[in-house]
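# Tertiary structure, described
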Amino acid sequence: MTSAAAVSRFRRPKWAGRNYSLLTAAAIVTNLGSQGALIASAFAVLQAGGDGGDVGLVAAARTVPLVLFLLVGGALADRIPRHRVMVAANSLNFLSQGAFALLVLTGTPQLWQMLALSALGGVGQAFFGPASEGMLMSSVEGEEAGRAFALYRMAMQGAGIGGAALGGALIAAVGPGWVLAVDAAAFAVAGGLRAFIDVRHIPPREPGGGIVADLRDGWREFIGRPWLWAIVAQFSIVNAVVVAADAVYGPLVARDHLGGPGPWGLALAAFGAGTVGGALVMMRWKPRRLLFVGSLCVFPLALPSAALAVPVPIGVLVAVMFLTGVSIEVFGVSWMTAMHQEIPEEKLSRVSAYDWLGSLAVVPLATAMAGPAESAFGRTSALWGCAVVIVVLTAAVLTVPDVRNLTRRTAPVTGATADPDAVVPPVSADAERPLGGLG
């Protein structure tokens, strides 16, 4: 084989253009750093003399500003070039995480300092998230969008798994401060990559009436699509009970019945491996009825709670977690593809912000109520309750006609044809099979 032929064979596919490649590379870098940093920040609090309650406070300090500023971040990302918002957010995360690392490496940080720096990280994420999602969706087009999203998510999930493993090893070897420093450096590198994104293909934004008007416009776009608000409402509760089961009840069941943190870590790793497997499936599969197939794949999210309620042996739990990871990744890629094809490009970040807000807002309440629910009803009943809630809400969302009937297509929605006050009908499931259908 000639060298030219070898280069041709490994050339990136046509749909993986410059912006998509930069976004994917930057996401890999940040996920490698951030997953280890999540572990490191907890150990940094404990190393400074804090307890479990202090660890929870530092985590909450990041979540609260994330929820508060999401909508503003989404509106801003639809007003100015999204990559500038992303670079600014990465810069803020670099500074806050770098300061956190410096405090840990040079002495004993105070709790208020860690709370403040964690909150700054949450602000950065609030502005970054909607801008990133809108930028990714505008970087791909046509029938290969689903494949592009699957590869992107697979890269992120794989980097997250590797980052968590590497971070744990580094914490044991050199301490949490250096892991936080690596995360700060990762934000700097990722911001540098994102600075090279080319947005000349995106039409200039029309002058608007201000942030409040933009938020109202985004709300009309969001509430005018039954499939969109129904699934976001569903996941506002589903995410909350899943996090409560995994973060609160899972470790307790592992301690009492499965042999401790080692088996529970294995189960979580199986879930991560499943998400990579699900992304691989979606690289090849293009389900025609996107949200119908995706919503069917939400039902398995009830299985881990049920398995913990029994509780099943660790081998069965690992298999359940792997299957759940595969299933939720099928939903995730289908959801991104539906958003990409149905939401006008100039409103993607605002709509994504409402999606993020719905997905995150109830999580802190659910984790806070997990303990009292266990005391009131018992752990087994609480876990069965989590499973039932997931099944009931998923069955309910399948009664929405748009969820069952929205069909894959290749022609993007444009601002010129979209009326923010109108419900945009999905392509009928009985229509002619589009080019991007089952393959």
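So, a few notes on the structure that sits alongside this text. (Residues numbered from 1 in each chain as written. Predicted model: local features only at pLDDT ≥ 70, side-chain atom pairs only at ≥ 80, totals over all residues. Heavy atoms only, no water.)

## A short note on empty space enclosed by the protein
- Taken as a whole and judged by the stated rule, the model has two cavities of 30 Å³ or more.
- Forming the walls of the second largest cavity are G146, R147, M282, M283, W285, K286, V333 and R408.
- Only α6 (145–174) and α10 (261–284) provide two or more residues apiece to the lining of the second largest cavity.
- Grouping the amino acids of the lining of the second largest cavity by side-chain chemistry returns four nonpolar, one polar and three charged. (1 Å grid on protein atoms, 1.4 Å probe; cavity = no way out; pocket = protein on both sides within 12 Å on 5 of 7 lines; lining within 4 Å. Points joined across faces, edges and corners; volume = space filled by probe spheres on them. Helix = DSSP H or I, 4+ residues; strand = E, 2+ residues; numbered from the N terminus. Nonpolar A, V, L, I, M, F, W, Y, C, P; charged D, E, K, R; others polar.)

## Brief notes about a nonpolar patch on the surface
- On the surface, V64, L68, F69 and V72 cluster together to form a nonpolar patch covering roughly 340 Å² of accessible area.
- Taking relative accessible area as the criterion, V64 reaches 45% and is therefore assigned partly exposed. (Patch = residues over 30% accessible without salt bridge, like charges linked within 9 Å, V, L, I, M, F, W, Y side chains within 5 Å. Areas by Shrake-Rupley, 256 points an atom, 1.4 Å probe, with all protein chains shown as cover. Salt bridge = Lys/Arg side-chain N within 4 Å of Asp/Glu carboxyl O. Buried < 20%, exposed > 50% of the residue type's maximum accessible area, 1.4 Å probe, protein only.)

## Structural notes on helix α7 (residues 176–194)
- Helix length check: α7 (19 residues) gives 27 Å between terminal C-alpha atoms against 27 Å at 1.5 Å per residue, within 8%.
- Taken residue by residue, α7 has P176, G177, V179, L180, D183, A184, A186, F187, A190, G191 and R194 as its buried positions.
- Looking at the buried positions of α7, the neighbouring elements they touch are α2 (18–47), α4 (82–106), α5 (111–138) and α6. (Expected span 1.5 Å × (residues − 1). Contact = heavy atoms within 4.5 Å.)

## Let's talk about the environment of F128
- Here F128 lies in helix α5.
- A residue is classified by how much of its surface remains accessible, and F128, at 12% relative accessible area, is buried.
- Along the primary structure F128 and R82 are separated by 46 residues, whereas in three dimensions their C-alpha atoms are 8.8 Å apart.
- In contact with F128, other than residues within four places in its own chain, are M86, A89, N90 and R194.

## Let's talk about the nonpolar core
- Counting residues in each nonpolar core, the largest one holds 86 residues, and the members touching the most others are W227, L228, L317 and W335.
- Excluding residues within four positions of it along the chain, L228 makes contact with E221, F222, W335, M339, I343 and V351.
- Among the nonpolar cores identified, the runner-up in size contains 13 residues, and A40, V45, V104 and L180 belong to it. (Core = buried A, V, L, I, M, F, W, Y, C linked by side-chain atoms within 4.5 Å.)

## Concerning α10
- Here α10 contains 24 residues, and its C-alpha end-to-end distance of 36 Å stays within 8% of the 34 Å for a straight helix at 1.5 Å per residue.
- Among all positions in α10, only P263, W264, A267, A270, G272, G274, T275, G277, G278, A279, M282 and M283 are buried.

## Section: the packing of helix α12 (residues 302–309) against helix α13 (residues 314–342)
- Orientation of α12 relative to α13, taken along the N-to-C sense of each, is 165°, at an axis distance of 9 Å. Between α12 and α13, the crossing angle belongs to the class labelled roughly antiparallel. As α12 runs across α13, the sense of the crossing is left-handed. Mapping the contact onto sequence places L303, P304, A307 and L308 in α12 and L317, V320, M321, L323 and T324 in α13.
- When its residues are assigned to classes, the contact of α12 with α13 shows eight nonpolar, one polar and no charged. (Axes fitted to C-alpha atoms, helices over the stretch in contact; angles between N-to-C directions. Parallel < 35°, antiparallel > 145°, perpendicular 65-115°, else oblique. Left-handed = near helix turned anticlockwise from the far one by under 90°.)

Any functional reading would require information beyond the geometric quantities listed.
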